[in-house]
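In case you want the letters, here they are:
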Amino acid sequence: MFYYLSGILAHREAGIAVIDCGGVGYKLTISQNTLSALDRAAPRSEKVKLYTYMAVREDEVELFGFYTEEELSAFKLLITVSGVGPKAAMAILSALSVKNLTFAILSGDVRSISSANGVGAKTAARVVLELKDKIAKLYAVSATDNSDGG
């Protein structure tokens, strides 16, 4: 529904950012990587843009925010894995950068993925198993696109 929110960074703390868009404060659940990027790029009361994912459950609607489209794409891939919901995906993205996550999946590094808060070895192994081929295809396609475009 919302692809991104752009507005004044009204509040931030571990796991949360509030973006004021036209007088309405949108609370977004964010990863540690997004929080770090906000800390580097935007002092309080600066205009920011966060890409979003809206999770709708029976009892709750929650917005998740990402500093880059790359992190949003990684989040969307993670939640396709059986047993990985939005909270676990955010924990993984808080523990690993997108680049490190990609490397961990391609190399089968279950230990790095299971270092995320609340993510066990079985879930980490499932992430590797279910995403390894998808990520390998993505990189094969982008490598082909880069060589054809130059």
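This one's a predicted model, so the numbers in the text were calculated from it and none came from an experiment.

The strand order around the closed barrel formed by five strands is E1-E2-E3-E5-E4, and the pairing between neighbours is mixed. Averaged over neighbouring strand pairs, the angle between their axes works out to 55 degrees when direction is ignored. Summarising the sheet, strand E1 (residues 4-13) and strand E2 (residues 16-21) pair through five bridges and their orientation is antiparallel. Looking across to E2, one finds that arginine 12 is bridged to alanine 17.

Looking at the protein chain, the pLDDT average stands at 89 and 91% of residues meet or exceed 70. Mean pLDDT per element in the protein chain: helix H6 (residues 121-149) is the minimum at 77, and strand E3 (residues 24-30) is the maximum at 96.

Judged by nonpolar contacts, the single largest core of 29 residues is most densely connected at Leu78, Ile92, Leu93, Leu101, Ile113 and Val127. Counting only elements with at least two residues in this core, the list comes to strand E4 (47-56), strand E5 (61-66), helix H2 (69-78), helix H3 (86-95), helix H4 (98-107) and H6. A total of six residues in this core trace back to one element, the largest contributor, which is H3. Formed by 13 residues, the second largest nonpolar core is a distinct cluster that contains Ile19, Leu28, Leu35 and Ala42.

Side chains of Leu106, Leu138 and Tyr139 sit close together on the surface and give an oily, nonpolar patch of about 280 Å² of accessible area. As for its placement among the helices and strands, leucine 106 is situated in helix H4. According to the relative accessible area criterion, leucine 106 is partly exposed, its value standing at 35%.

It is worth spelling out the pattern of salt bridges at this point. Counted by the stated rule, this structure contains four salt bridges. In this structure, aspartate 39 engages arginine 12 in a salt bridge whose closest nitrogen and oxygen atoms are separated by 3.1 Å. With aspartate 39 in helix H1 (residues 32-41) and arginine 12 in strand E1, this pair connects stretches of sequence that are 27 residues apart. Salt-bridge contacts for glutamate 62 lead to lysine 87; the nearest nitrogen and oxygen are separated by 3.0 Å. Of this pair, glutamate 62 sits in strand E5 while lysine 87 sits in helix H3, placing them 25 residues apart in sequence. The class of lysine 87 is exposed, set by a relative accessible area of 52%. Residues joined by salt bridges that share partners form a network here, namely Arg57, Glu60, Glu62 and Lys87.

Let us look at the packing of aromatic side chains. Scanning the model with the defined rule gives six aromatic pairs in all. Between tyrosine 4 and tyrosine 51, the ring centres sit 6.2 Å apart and the planes meet at 70 degrees, which makes this aromatic pair edge-to-face. Of this pair, tyrosine 4 sits in strand E1 while tyrosine 51 sits in strand E4, and the two are 47 residues apart along the sequence. Tyrosine 4 sits in the partly exposed class, given a relative accessible area of 41%. The positively charged end of lysine 49 is found above the aromatic ring belonging to tyrosine 4, 4.3 Å away from the centroid.

What counts and how
Residues numbered from 1 in each chain as written. Predicted model: local features only at pLDDT ≥ 70, side-chain atom pairs only at ≥ 80, totals over all residues. Heavy atoms only, no water. Pairing = 2+ DSSP bridges. Helix = DSSP H or I, 4+ residues; strand = E, 2+ residues; numbered from the N terminus. Axes fitted to C-alpha atoms, helices over the stretch in contact; angles between N-to-C directions. pLDDT = per-residue confidence, 0-100. Core = buried A, V, L, I, M, F, W, Y, C linked by side-chain atoms within 4.5 Å. Buried < 20%, exposed > 50% of the residue type's maximum accessible area, 1.4 Å probe, protein only. Patch = residues over 30% accessible without salt bridge, like charges linked within 9 Å, V, L, I, M, F, W, Y side chains within 5 Å. Areas by Shrake-Rupley, 256 points an atom, 1.4 Å probe, with all protein chains shown as cover. Salt bridge = Lys/Arg side-chain N within 4 Å of Asp/Glu carboxyl O. Phe/Tyr/Trp six-rings, centres within 6.5 Å; stacked < 30°, edge-to-face > 60°. Lys NZ or Arg CZ within 6 Å of the ring centre and 35° of its normal.

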